[in-house]
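Chain and residue survey
Residues per chain, in single letters:
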Amino acid sequence: MKFVHYALEALAGRLVKWLVSLPPTLFLLVFFVAPSLIVVLASFRYPGEFGGLASLLPLFGADSGLTLETYRFFFSDFVYFEIFLKSFGVAALTTLICIVMAYPLAWLIARSPKKRRDLLVLLVILPFASNFLIRVYAWIIILGPFNLLYTSFAVIVGMVYVHLPFMVLPLYTNLEKHDPALLEAAQDLGANAWTRFWKITFPLSLPGIFSGSVLVFIPVLGMFAIPELLGGTGDILIGNLIKEQFLDNRDWPLGAMLSIMLTVAVLALAGLSAWAGRGKGRMA
Amino acid sequence: MSILEIRNVTRRFGDLLALDDVTLTIEAGEFFTLLGPSGCGKTTLLRLIAGFDEPDAGRIFLDGVDLAATPPEKRPVHTVFQSYALFPHMTVRDNVAFPLNMAKRPLDEIHERVKQALEQVHLSDKSGHYPHELSGGQKQRVALARGLVNKPRLLLLDEPLGALDAKLREQMEGDLIALQRDVGVTFVFVTHSQQEALALSHRIAVMNEGKVEQVDEPDKLYSFPRNRFVADFIGNINMLAARVAETHHGHLVLQATDLGAVAAPLVKGVKAGDTGVLALRPEQVHISSHAQTPELKNHFHGIVRGLLYLGDVTVYKVELDNGMEMEALLANSAPGRAKFFEVDDDVTVAWRHDAGLFFHD
Ligand SMILES: Nc1ncnc2c1ncn2[C@@H]1O[C@H](COP(=O)(O)OP(=O)(O)OP(=O)(O)O)[C@@H](O)[C@H]1O
Ligand SMILES: [Mg+2]
C-alpha cells in the first residue's frame, strides 16, 4: 500500500513539473526555436528580385532554391571579418570601461546604510524611465559642441552610457552579499586595505563581474542605433550591417547569414570562457 | 608575567554602556575566559583587543605597549570568529597559509607550517578542500589552525563552539585544552556557557551589563562566588530568603522566612538584622527518608515535588514547609537503583552548618 502511495505521489510530482514547464516550453518553441530555424533556412536561400526571399518554387525544378552562395560571399570578403573584429573590439572595450566605472559605484552602494541602498539603486536605473533614443540624442547635443560627434569615441561613450546600469546591478547584488566578517578576518590576520581588496573582495566579486559582462557585451554586439546616431561612416558594426540587409538592401539571406555568424561567434566565446573558468564554479 | 592589561576601559553605544570601567590582567600562557549572559559586552571587549573598535576611555596594553595607535592588521593578535569567517574562495591550505603570506614568510616555511598546523587539528587530508565542503566541526578546526599558524601573542575566540552540537562541542573542548597547552599561545575565550568556561579555563572573568563581577579560577568561582549574580550564573544554586538573627565568632544564625533557625558560615561585615539570601548548591543539600535521624545541624521537613533523572545524577525538587522549592542532587551510584525517592515522598532536607553563603541585600 505504502509503495503504491509513494509511486502515485512521485507520478503526481512529475506531472506537476511537466504542467508548470509546459507554457514556457511552448512559448520558446513557437517564438524562439521556430524563428531561429526560419532564419537558418533563409540564409541558404536566394534573395528575391525586389527584396526579401526568392520563391522556393524552383525546388521542384532543376534548381533546389537553396544555395551556399551567401556563405561563400561572406568568407571571400575580408570586410565582413573586419567589421566582426571591430564589433567585438567595441564590445570588449565597452565592457571593460563599464567594469571600471561600475565597480566603485556598486561598491559604494553596497557599503552605504541599508536604508539608502534602495534609493541609490533606483537612481542607477532611473535613466530607463526615459526613452532610449532621447537619451542617445541627448549625447548628440552634449558632444556636438566639442567636435566629438560622429567619431568612434562618441560610439563608445554612448555604449558605455546606455549599458552601465547592466554592469552596476549584478555587481552590486554580488558585493552586497559579501560577509563583512571576511574582511575583518583578513585584516585581523594581517592584510592591509589594498590586499584585502585584491585577495578577498575582488575574487569574490568575479561572478558579479562575469554576469555584468555578459549583460553588456552581448547587447553591445548587436546594437545598431548608437553607431548610427553617434558614429561616423567608419563606425559600422555588425548590428548596423544586419539591420542594413533587412531594411535598406533588402538582402534577407545575407542578413540572416550575418545574424547566424554573430550567434555562432557569441556561443563560441561563451564556450571558451566557460572552458577557461572551469572548476572555478565553487568560488561563488 | 602579564601579557595583556586592560585598564579602566569604557565603551558606550549611544546611551548604552557596553563596557563599564573594565580592568583585567591576563597572564602569558593562560586560557582566560570571558563569561557572561548575552549582551554583557564580551564581543565588544574582544573587538577592542583586536582593534576593530576603540574604547571611549581607558587603555589596553599588550606586552606593556599601549595598543591605541596600532591598527588591527599590525597587532600580533588573531581572532577565531563565531561564524569562522573562512575565505570561501580559498582551499583549506590557502586559508591557513593566509596569515603567513601576509607576514611575507618564505614559501618553504609557509608550506612546512601549514602542514604542521593542519596536522595539529587533524585535517591534513582536507587541505585541498574548499570551506563549503567541510562540516561545522572541520570549519571550526580550520579557523583554529588559521588563527594559530603564525604564532600570535594572543588568540581571541568568540564563542567558537556555539554552532556545534553537544557531542562535537565536548570533543572540541578536549581538543582546545590540548591545543592550547601544546602551542603555548595565550587564549582569550568568550562564552555564555558556564559549563564550557569551568571546563576549559585557567581563569574566568564573569561579566554582567558591561562590568566585571569577579575574576577567579573555576573552582574558586564556583565555591566562593563574590555576589548573588555570580552565584546564580555559575552552576545551579538554591536561594533561601533569610534574616540575620545573631552573629557568632565562627558562624551566623539566620532566621529563614517561615522556616526557622539556620546556621551558616560567617560573612564579614554582616550584622544582626540584615536581610538577604542563603545560597546553597544542590550537591550540598542532602535528602534522606524520615526515619533516619539526621546528624546535620540544619534539617527541615520537605516533600518531593519532582525529579529530574540525568543518568549519572538525579536532581530532586523538594518543597519545604515554607513553600520554597529546593533542589538537591544525588549521585546514582548504587547499582540497579535508578532513584532513591518518588514524588510525594516525605523527606528530610539537611545541609552542613558550614555550607552555603549568605549574601545580604
Ligand atoms: N556597534 C554597535 N552599536 C550599538 N550597540 C552595540 C554595538 N555593538 C554592541 N552593541 C550593544 O552592546 C551590548 C554588548 O554587546 P556585545 O556584542 O558585546 O554582547 P555579547 O556579550 O558579546 O553578547 P552575546 O553573548 O549575545 O554575543 C549589547 O547591548 C549590544 O546591543
Ligand atoms: Mg558576542
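This structure is a prediction, so every number in the text was calculated from the model and none was measured. (Residues numbered from 1 in each chain as written. Chains lettered and ligands numbered in written order. Predicted model: local features only at pLDDT ≥ 70, side-chain atom pairs only at ≥ 80, totals over all residues. Heavy atoms only, no water.)

1. Here's the deal with the domain arrangement of chain B
Residue and element names in this part refer to chain B. Per the domain assignment, the segments of chain B are domain 1 (2–233) and domain 2 (238–360). Its C-alpha centre places domain 1 at a distance of 39 Å from the equivalent point of domain 2. Listed by partner, the interface residues are ten residues for domain 1 and six residues for domain 2. Of all residues in domain 1, Tyr222, Arg228 and Ala231 bury the most surface against domain 2, accounting for 72% of the area lost on that side. Summed over the shared surface of domain 1 and domain 2, the number is zero salt bridges. Where domain 1 packs against domain 2, one counts two residue pairs in polar contact (both at pLDDT 80 or more). Mapped by element, the contributors of at least two residues to the side of domain 1 that touches domain 2 are α7 (218–223) and α8 (228–233). (Domains from an automatic or database assignment. Contact = heavy atoms within 4.5 Å. Buried area = accessible area lost by both parts, 1.4 Å probe. Salt bridge = Lys/Arg side-chain N within 4 Å of Asp/Glu carboxyl O. Polar contact = N/O pair within 3.5 Å; in protein donor to acceptor, adjacent residues only side chain to side chain. Helix = DSSP H or I, 4+ residues; strand = E, 2+ residues; numbered from the N terminus.)

2. Notes on the interface of chain A and chain B
Often, the extent of an interface is quoted as the loss of accessible area upon association of its parts. With 20 residues of chain A in contact, the opposing surface of chain B contributes 23 residues. Across the interface of chain A and chain B, roughly 1,900 Å² is buried in total on both sides, 66% from carbon and sulfur atoms. Along the contact surface separating chain A from chain B lie one salt bridge. A salt bridge links B:Arg47 to A:Glu184; the shortest N-O distance between them is 2.9 Å. For the side of chain A that touches chain B, the secondary-structure elements that each account for two or more residues are α7 (180–188) and α8 (193–222) of chain A. When residues in the side of chain A that touches chain B are grouped by element, the largest group, seven residues, is from α7(A). Residue composition of the side of chain A that touches chain B, by class: ten nonpolar, four polar and six charged. (Nonpolar A, V, L, I, M, F, W, Y, C, P; charged D, E, K, R; others polar.)

3. Topic: a nonpolar patch on the surface
On the surface, A:Leu22, A:Leu26, A:Phe27, A:Leu28, A:Leu29, A:Val30, A:Phe31, A:Phe32, A:Val33 and A:Leu37 cluster together into a nonpolar patch covering about 1,000 Å² of accessible area. Using a relative accessible area of 41% as the deciding quantity, one classes A:Leu22 as partly exposed. (Patch = residues over 30% accessible without salt bridge, like charges linked within 9 Å, V, L, I, M, F, W, Y side chains within 5 Å. Areas by Shrake-Rupley, 256 points an atom, 1.4 Å probe, with all protein chains shown as cover. Buried < 20%, exposed > 50% of the residue type's maximum accessible area, 1.4 Å probe, protein only.)

4. Here we look at the sheet that holds strand β19 (residues 346–351) of chain B
All names here are of chain B. Read across the sheet, five strands follow the order β15-β19-β16-β17-β18 without closing on themselves; strand pairing throughout is antiparallel. A single partner strand is all that each edge strand has here, and the edge strands are β15 (286–289) and β18 (325–331). Taking the axes of each pair of neighbouring strands and ignoring which way they run, one obtains an average angle of 45° across the sheet. Pairing of strand β16 (residues 298–309) with β19 involves six bridges; the strand directions are antiparallel. Looking across to β19, one finds that histidine 301 is bridged to threonine 348. (Pairing = 2+ DSSP bridges. Axes fitted to C-alpha atoms, helices over the stretch in contact; angles between N-to-C directions.)

5. Some details on the site of ligand 1
Residues and elements named next belong to chain B. In the region of ligand 1, the neighbouring residues are Phe13, Leu16, Ala18, Ser38, Gly39, Cys40, Gly41, Lys42, Thr43, Thr44, Glu159 and His192. One of the side-chain N or O atoms of serine 38 is found 2.4 Å from an oxygen atom in ligand 1. A distance of 3.2 Å is found between an oxygen atom of ligand 1 and a backbone nitrogen or oxygen belonging to cysteine 40. If ligand 1 stood free it would expose 630 Å²; the protein chains cover 58% of that surface. Every element with two or more residues in the shell around ligand 1 is listed here: β2 (16–27) and α1 (42–50). Of the residues belonging to the shell around ligand 1, the class tally is four nonpolar, six polar and two charged. (Near = heavy atom within 4 Å.)

6. Comments concerning the packing of aromatic side chains
Taken as a whole and judged by the stated rule, the model has 24 aromatic pairs over all chains. Ring geometry for A:Phe44 versus A:Tyr71: centroids 5.0 Å apart, planes at 25°, classification stacked. One end of the pair, A:Phe44, is in the loop between α1 (2–43) and α2 (69–76); the other, A:Tyr71, is in helix α2, with 27 residues separating them in the sequence. Under the relative-accessibility criterion, A:Phe44 is labelled partly exposed at 28%. Aromatic pair A:Phe128 and A:Phe166: ring centres 5.4 Å apart, planes at 55°, arrangement tilted. Separated by 38 residues along the polypeptide, A:Phe128 in the loop between α4 (114–125) and α5 (132–143) and A:Phe166 in helix α6 (residues 152–177) bring together distant segments of the chain. Note on A:Phe128: relative accessible area 37%, which makes it partly exposed. Judged by its relative accessible area of 32%, A:Phe166 falls in the partly exposed class. An aromatic cluster is present here, built from A:Phe73, A:Phe74, A:Phe75, A:Tyr80 and A:Phe84 joined pairwise through their rings. Directly above the aromatic system of B:Phe87 lies the positively charged group of B:Arg146, at a separation of 4.6 Å from the ring centroid. (Phe/Tyr/Trp six-rings, centres within 6.5 Å; stacked < 30°, edge-to-face > 60°. Lys NZ or Arg CZ within 6 Å of the ring centre and 35° of its normal.)

7. Structural notes on the pattern of salt bridges
Residues and elements named next belong to chain B. Taken as a whole and judged by the stated rule, the model has 19 salt bridges over all chains. Its salt-bridge partner being arginine 11, residue aspartate 56 comes within 3.2 Å of it at the nearest N-O pair. Here aspartate 56, found in the loop between α1 and β4 (57–62), pairs with arginine 11, found in strand β1 (residues 2–13); they are 45 residues apart in sequence, far enough to count as distant. By relative accessible area, which is 14% here, arginine 11 ends up buried. Salt-bridge contacts for arginine 113 lead to glutamate 109; the nearest nitrogen and oxygen are separated by 2.5 Å. Highlighted residues: arginine 113 and glutamate 109, both in helix α3 (residues 107–120), separated by four residues, approximately one helical turn. Judged by relative accessible area, which is 19%, arginine 113 ranks as buried. Connected via shared salt-bridge partners are Arg11, Asp53 and Asp56.

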